[in-house]
Amino acid sequence: MKRNRILAIALAALMLVTCCGLVATVSAEEGKIKIYFIPKNLGNPYFEALSSGFKDAIAELGEDKYEYIFTGPATAEATSQIEYVEAAVQNDADAIFIAANSNDALNGTFDDARDAGVPIYLINQDIPGSESHRDAAIMPVDFSTIGKAQIKLMAEQIGYEGEFAILSATTDAPDQNTWIELMKEVLANDEAYSKMTLVEVVYGDDQPEKSTIEMEALITKYPNLKGVIAPTTVGIAAACKVVQTRGLAEKIRVTGLGLPSEMKEFVMDGTCLGFQLWNPPYEGYLAVYLATAVKGGFKTEPGATFSAGKLGEYTILENGQILSLVDPMLYDITNIEEYAALF
Amino acid sequence: MKEARRFVTQNVKEFVTLAFILLIYLVAGVLRPEVLSGGRMAGVVNSVLLWTPLNLTMALGMMMVVIMRGIDLSIGSNVALSAMVAGILFRDHGASLWQGIVVAVAVGAACGMINGFLIAYLRIPPIIVTLGTMNAYRGLTFIISQGKQVTGYELPPGTTDFVAEGVRLGGVLIPWLVVISLLLALVFYLILKYTHFGREVYAVGSNREAAYLRGINCKKTEFLVFTIVGALCGITAMMSASRFGYINPSNTGKGLEFVVISATIIGGVSVNGGKGTVVGVLLGCLLLGTVNTMIANVGIPGTVQLFTYGLIIVTALLVDRIVLSLDSKRRMAQQVAGKEALR
Amino acid sequence: MKGLDGRSKRGKLSAVFSRREWVPFGLLLATLIVSASLSESFRDLAYLLRTTTRYMELGMTALTMTLIVSAGMIDLSVPATMCCSATVAALAFHAGLPMEAAIPLGLLTGLACGAVNGLLIAYLNLPSMIVTIGTMSVFRGISQIFIGDKSLGKFPEWFNSIEKIPVFMIGKARFGVTILAFILLAFAFYLVLHKTGFGRKVLAVGANEQAAIFSSVNTRRVKLQLFLLSGFVSGIAGLLTMSRLLLVRYDMNLNSEIDVVAMVLLGGAEISGGNGSIIGTFIAVLLVIVLKTGLIVANVTSDAQMFMMGLILLLSIIIPNIGKLVQGFRDR
């Protein structure tokens, strides 16, 4: 019996070794630039798209000169990213790019990393209020343009009048809340939109079930609803799905920020006339060039410029941000197929 | 009249749940009177109806497991895995919808068999086995999908028709998903009530020793139950693909286990085994569906929803317990009175 | 396995070797060896001690959970309680109370959460699993209502990063306060569960509640005390987490209830009650730390980590029972 057990433990150890051996990546080699990209969570198509940009740039600059590690938590929760940052530092990363799940929960971790000499770059968003804890932030677009752009798109689709609602992600998503504030500002100040009323902001928590229920409830609550802005990929897909199955496309227009690959079917069948987004792979592409430049002695100071291959020159702004695009792009029936194949 | 009263007293538990559902509608009506108006009501009912099928289908399986004093935490992951396998077949191998359904059910059943084998034949406690397989199946889903989701246009055409089309019943559209889950509920009602197997489930749950002595093959029953739960996971997987229009390694089936367990126990299935009815579980699902949709429809602010949800669950448990204890006191009093009358 | 089976009569040494805790211990050694061989970065005591701290907070609650599971119950509201206590303390501080007064308030909140669970479960005979699934939303909901989309921070300097205060240093490696607290707490709970009358009552409630009642154990009081204890320790853990993060948010430790349960089950506690081991849980906490840290630092993605975690859980229960399994296959 006892021997049995020792045997079994040995067996288990062996299994562990083989399993780990199978899944572990090859350990570091000297002289390579080691880049970590930590997304909000794995299994998120958006960050898959972003990651493809990293790979493109690395393919261009030479596979043998880089070690690229795409890893992160399985669920998007603020503190679950801490251990990944710590592990990256422990592995002597040359640059950490992170799409943080919180504006400030990682501040302590970032400070420790930077003390250890590893630069921290935010990617896809900034951390308002905690900018001093990071080196730079690669932004998809100038976020201050999003509020205006989204309202304008909505207005065009519903003819500049009527009730509309916003379907957001979680109540504490920093970028979402910034955009919603900007949208409200535009509505209040611009005469052109005086006939449009924002009836409610609801939160689908970026879960399919909750987003669907909230969307259904919006339709029930506001019989005169003419449009919904969902500035989140899960939300806009869920909203379009509800509108599509209920055959309400003519009555309720859905727009927002979405991924072309997820939105293709809704654009093709006319459920969605058009939505916006930037170009996520650009951000990843840019990131690799930034990390390479920094490795070569470039300092991330406001005003400094660096070149990013086929995308051209980029300047670091006063607030430490780098804008991969200025305005969001419009995706509609004319270009959806082209981009859906990419991301 | 007397019979009606007996019917009520024999099914107190079910009537309490039903009363609680009505109470929620009442409270919602007080908070926001327009929710109960004709046009609105149809929307609310439709939302509740669409919330129910996935959870009801799973709850039917969970009910049998709980009746046998077990628990299955792996259902959410199992749903994700079977959906993903089918999804990959759809995307990469052009499988038809029906082939996908067969594969999903087969994969689900196979996962259920693994659970069942470990639990029934190796006598490992269900919570440990399913906690383990919950992680393992979810991990496997990520591994086979390489973290990529299967999006809407990659699903075979007609997948989502089960939500949009259905049976018209006096002006109210009952989607096919709901019809299927109700048919399943009917089948399980008949199985549990009238078949040998169904009675065995209750027998093993209320007293395993006694069941064994009566010649029931307890292991086989337990193994079968977990296999059936697995097959139901496969069905739910396809329902989820139909309702949400995509299959995502991290979102699909997430958190399903807690909701289903709540619905099952609120529906009167005893964690001590041996007790539980399909009608009760159906009511439990309707109760949770009502809570979820009403929270959105009444327009409870995003930040207060979680609290409200928890509070209603706890209140439902409390009300149930108080009514039942009053009822049992009354019965005891009746018995005493009856005995005294006999003297 | 606790000396009740025949083998223990053969002598003390044999009894020691037949203990259940050898299984998590063996797995711990195995994962240590694997992790160390997988990645050079793992072989660094300073790093290990640093990352360890994070899991110690959950580890503390795993200790109380061991007691609760031993009594045949479960508490899924632990992370929510941690969050709620931290929230109340932070709110009190921001309302103008000194931190010294806010901390006891946070701990009291933990106790109150435990009391709610305990009263519902012990005195209304409601099943612990569903009650705590419900209260988990309630407690977290409370912090969501008060904090919303913000985070509360900016605490006095002495409160921030308590875990970084070294008890002693081993070279560059810091043995911090939180680690010491966890070890002391584990020792205390070992004494409570295995050496006191209360511990015996807990095990009696778990083994057979009816029998416990007949042998004049006030089972309701024992259950209430357990949940109060759980709430209190969750309060401590919540405040420590807040100190480490420098702030509190409503999604603190979201979804980690399953991790706590896994630690307890890995440690060999029987979910049906009547058997639990603090030593086992202690080793299991270390096992989870080594497993997670080892895999993350070796750049294993979280999907494969989940798969491994599931495998380890299953192994931990299959290995000690190989003999029993063969036998179990034959009987009912």
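Reading guide: rules and limits
Residues numbered from 1 in each chain as written. Chains lettered and ligands numbered in written order. Predicted model: local features only at pLDDT ≥ 70, side-chain atom pairs only at ≥ 80, totals over all residues. Helix = DSSP H or I, 4+ residues; strand = E, 2+ residues; numbered from the N terminus. Rg over C-alpha atoms; globule rule 2.2 N^0.38 Å. Buried ≥ 20, exposed ≤ 12 C-beta atoms within 10 Å, placed from the backbone. Contact = placed C-beta atoms within 7 Å. Core = buried A, V, L, I, M, F, W, Y, C linked by C-beta atoms within 7 Å. Domains from an automatic or database assignment. pLDDT = per-residue confidence, 0-100. Pairing = 2+ DSSP bridges. Axes fitted to C-alpha atoms, helices over the stretch in contact; angles between N-to-C directions. Parallel < 35°, antiparallel > 145°, perpendicular 65-115°, else oblique. Left-handed = near helix turned anticlockwise from the far one by under 90°. Nonpolar A, V, L, I, M, F, W, Y, C, P; charged D, E, K, R; others polar.

A. Geometry of the overall build of chain C. A count of helical and extended segments in chain C gives 14 helices and four strands. Scaling as 2.2 N^0.38, a compact globule of 332 residues should have a C-alpha radius of gyration of about 20 Å, and chain C matches this with 20 Å. C-alpha atoms of chain C, sized along the principal axes, occupy 65 × 55 × 35 Å. Buried positions account for 59% of the 332 residues belonging to chain C. Here the contacts in chain C between residues at least 6 apart in sequence split such that 75% fall between residues at least 24 apart.

B. Up close: the nonpolar core. Core analysis: the largest hydrophobic core is formed by 333 residues, its most contacted members being I96, Y121 and A239 of chain A. Here the element with the most residues in this core is helix α3 (residues 38–67) of chain B; it accounts for 16 residues. Taken domain by domain, this core gets at least three of its residues from each of domain 1 (33–141 + 280–325) and domain 2 (144–277) of chain A. With near-sequence residues (within four places) excluded, Y121 of chain A lies in contact with A95, I96, F97, R134, D135, A136, A137, I138, A287 and L290 of chain A.

C. Spatial organisation of helix α12 (residues 256–266) of chain B. Most of α12 of chain B sits out of view: ten of its eleven residues are buried. Here α12 of chain B has its buried residues at L256, E257, V259, V260, I261, S262, A263, T264, I265 and I266 of chain B.

D. Geometry of the confidence of the model for chain C. All names here are of chain C. Predicted confidence across chain C gives a mean pLDDT of 87, with 91% of residues reaching 70 or more. The model gives residues 1–9 a pLDDT under 50, and that stretch makes eleven contacts with residues more than four places away or in other chains. As scored by the predictor, the complex reaches a pTM of 0.87 and an ipTM of 0.83.

E. Region of interest: the sheet that holds strand β5 (residues 136–139) of chain A. Residue and element names in this part refer to chain A. Within the open sheet, the six strands sit side by side as β2-β1-β3-β4-β5-β13. Their pairing is parallel. Only two strands of the sheet have a single partner each, and these edge strands are β2 (66–70) and β13 (321–323). On average, each strand axis in the sheet is tilted by 20 degrees relative to the strand beside it, whichever way the strands run. Here five bridges tie strand β1 (residues 33–38) to β2, and the two strands are oriented parallel to one another. Considered in β2, the bridge of Y36 is made with I69. In the packing of helix α2 (residues 45–61) onto the sheet, the strands contacted are β1 and β2, and the crossing angle to β2 comes to about 170 degrees.

F. Spotlight on the domain arrangement of chain A. All names here are of chain A. Taken domain by domain, chain A comprises domain 1 (33–141 + 280–325) and domain 2 (144–277). Summarising the inter-unit geometry, the C-alpha centres of domain 1 and domain 2 are found 29 Å apart. At the junction of the two partners, domain 1 supplies seven residues and domain 2 supplies eight residues.

G. How the structure looks around the packing of helix α4 (residues 75–93) of chain B against helix α11 (residues 218–244) of chain B. All names here are of chain B. The interhelical angle for the contact between α4 and α11, taken along N-to-C directions, is 60 degrees, at an axis separation of 8 Å. Taken together, α4 and α11 sit at an angle that is classed as oblique. Relative to α11, the crossing made by α4 is right-handed. Mapping the contact onto sequence places I75, N78, V79, S82, A83, A86 and G87 in α4 and V229, G230, C233, G234, T236, A237, M238, S240 and A241 in α11.

H. Quick peek at the confidence of the model for chain A. All names here are of chain A. Summarising the model, chain A shows a mean pLDDT of 86, and 91% of its residues fall at 70 or more. The weakest mean pLDDT in chain A belongs to helix α1 (residues 2–23) at 54; the strongest belongs to strand β3 (residues 95–98) at 95. Across residues 22–28, confidence stays below pLDDT 50; counting only partners more than four residues off in sequence or on other chains, it has twelve contacts.

I. Region of interest: the interface of chain B and chain C. Facing the 39 residues of chain B at the interface are 39 residues of chain C. For the side of chain B that touches chain C, the elements supplying multiple residues, two or more each, are α6 (126–145), α11, α12 and α14 (302–342) of chain B. When residues of the side of chain B that touches chain C are assigned to their parent elements, the largest contribution, 14 residues, is made by α6 of chain B. For the side of chain B that touches chain C, the per-class residue count stands at 27 nonpolar, eight polar and four charged.

J. The arrangement of the packing of helix α3 (residues 45–70) of chain C against helix α11 (residues 257–266) of chain C in detail. Residue and element names in this part refer to chain C. Packing of α3 against α11 brings their axes to within 9 Å, and their N-to-C directions diverge by 60 degrees. In this structure, α3 crosses over α11, and the sense of that crossing is right-handed. Contacts between α3 and α11 involve L58, G59, T61, A62, M65, T66 and V69 on the former and, on the latter, D259, V260, V261, M263 and V264. Here the contact of α3 with α11 is composed, by residue class, of eight nonpolar, three polar and one charged.

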